[in-house]
Amino acid sequence: MMVKIDLTGKVAVVTGAARGLGRAYAQGLAKAGATVVALDLSDCGDTVRDIEASGGRALGRRCDVGDITSCRDAADDALARLGRLDVLVNNAALFATLKTGRFDSLAEGDWESCMRVNVTGVWNCCRAFVPPMRERGGSVVNISSLAATYGLPNALHYTTSKAAVIGLTRGLARELGRFGIRVNAVAPAAVETEGMSQFFGDKKEDAVRAVVAGQSIRRVLRTDDLVGTILYLASDASSMVTGQTIAVDGGTVSL
Ligand SMILES: NC(=O)c1ccc[n+]([C@@H]2O[C@H](COP(=O)([O-])OP(=O)(O)OC[C@H]3O[C@@H](n4cnc5c(N)ncnc54)[C@H](O)[C@@H]3O)[C@@H](O)[C@H]2O)c1
């Protein structure tokens, strides 16, 4: 059977879509034919303009995934304007600006905000965007990380939050299967983005060298390396795949 990824007529929501990987996912989904709802704390104007310049369709809106009211407002607005929701990519995360350090030196406030955005944020978006999918089915793609599948030291708040995303994915997949809604996670290795540079700071070169040394395919990932997996999980090409975590890490961890 030939499988072509065609998302024409579908509406795909991407959180954290103002830059980096979220922007690449939004662009990829739009190229595959989906109308994209780009959400972020920051302005998504550049993402929307890029998509429209390539002939795609997108709406941008500010949304704080850590705030359920903000998520529900964004979902109501998207439904009112587009009439349906089919795909949710939970990509927004507190990552770039997190202060790292030994497990016993992390600030409690950083731990709490990391959980609020990276874990509660995924739950909030599922609570806001999934109910309208119940009629026709849909696909939720949660972004985890090599930090969880491998166990990144000195960032226990981030590592723990990304491990929680995997558990949430497995549990929610079992709840939503009967509605034809699939829930999967993607765990990227270090990917060249502004956020990754900010996260590692002056340790970036050493950190990336260490990550790449653990990969079977030894080059640092680019945002485009992730897009194919997102499209696959968003589309009917993966119609019997749910509850899974796909490592897109150049062959570091085998799940
Ligand atoms: N780049 C990497 O090396 C890498 C590796 C593994 C996993 N990831 C994950 O991929 C995702 C994207 O990474 P990136 O490198 O593009 O990061 P990034 O920091 O460049 O982008 C994250 C985006 O999320 C937005 N955001 C943060 N808090 C938000 C909130 N409360 N509500 C809405 N939006 C919010 C930010 O404004 C930003 O635009 C994250 O989930 C990250 O944890 C990244």
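To keep things clear, this report deals only with the structure shown in the data block. Predicted, not measured: the structure shown is a model, and the values here were computed from it. (Residues numbered from 1 in each chain as written. Predicted model: local features only at pLDDT ≥ 70, side-chain atom pairs only at ≥ 80, totals over all residues. Heavy atoms only, no water.)

Another aspect to go through is the site of the ligand. Lining the immediate surroundings of the ligand are 28 residues, of which D40, N91, Y158, V191 and T193 lie closest. Contacts to the ligand include V65, whose backbone N or O atom sits 3.0 Å from a nitrogen atom. At 2.9 Å from an oxygen atom of the ligand is found a side-chain nitrogen or oxygen belonging to K162. For the shell around the ligand, the elements supplying multiple residues, two or more each, are α1 (20–31), α6 (156–176) and α7 (194–200). Partitioning the shell around the ligand into residue classes produces 16 nonpolar, eight polar and four charged. (Near = heavy atom within 4 Å. Polar contact = N/O pair within 3.5 Å; in protein donor to acceptor, adjacent residues only side chain to side chain. Helix = DSSP H or I, 4+ residues; strand = E, 2+ residues; numbered from the N terminus. Nonpolar A, V, L, I, M, F, W, Y, C, P; charged D, E, K, R; others polar.)

Take empty space enclosed by the protein next. If a probe the size of a water molecule is rolled over the atoms, the empty space left behind becomes visible. Under the definition given, this model contains one cavity of 30 Å³ or more. Counting only elements with at least two residues in the lining of the largest cavity, the list comes to β2 (35–40), β3 (57–62) and α3 (68–82). It is α3 that provides the largest number of residues to the lining of the largest cavity, a total of four residues. When its residues are assigned to classes, the lining of the largest cavity shows five nonpolar, one polar and three charged. (1 Å grid on protein atoms, 1.4 Å probe; cavity = no way out; pocket = protein on both sides within 12 Å on 5 of 7 lines; lining within 4 Å. Points joined across faces, edges and corners; volume = space filled by probe spheres on them.)

The next thing to look at is α1. The terminal C-alpha atoms of α1 lie 17 Å apart, and with twelve residues this matches the ideal 16 Å at 1.5 Å per residue to within 8%. Among the residues of α1, L21, G22, A24, Y25, A26, G28, L29 and A30 are the ones counted as buried. Just downstream of α1 lies G33, where phi reads positive at about 110 degrees. (Expected span 1.5 Å × (residues − 1). Buried < 20%, exposed > 50% of the residue type's maximum accessible area, 1.4 Å probe, protein only.)

This part is about the nonpolar core. Grouped together as the largest cluster of nonpolar side chains are 50 residues, with contacts concentrated most on V14, Y25, L29, V36, V89, V186 and L226. If we skip the residues at most four places from it in the chain, L226 touches L21, Y25, V186, P188, V191, L221 and V248. In terms of nonpolar packing, the next biggest core, distinct from the first, is built from 30 residues, V11, C71, A75 and M133 among them. (Core = buried A, V, L, I, M, F, W, Y, C linked by side-chain atoms within 4.5 Å. Contact = heavy atoms within 4.5 Å.)

A word on the packing of aromatic side chains. Counted under the stated rule, the structure contains four aromatic pairs. Summarising the aromatic geometry, the rings of Y158 and F199 are spaced 5.5 Å apart at their centres and angled 45 degrees between planes, so their arrangement reads as tilted. Note that Y158 is positioned in helix α6 and F199 in helix α7, a separation of 41 residues in sequence. Exposure class is identical for Y158 and F199. Each is buried. Ring-pair connections join several aromatic residues into one group, and the members of that group are F95, Y158, F199 and F200. We note R127 situated over the ring of W123; from NZ or CZ to the ring centre the distance is 3.6 Å. Over the ring of F179 we find R134, and its NZ or CZ is 5.0 Å from the ring centre. (Phe/Tyr/Trp six-rings, centres within 6.5 Å; stacked < 30°, edge-to-face > 60°. Lys NZ or Arg CZ within 6 Å of the ring centre and 35° of its normal.)

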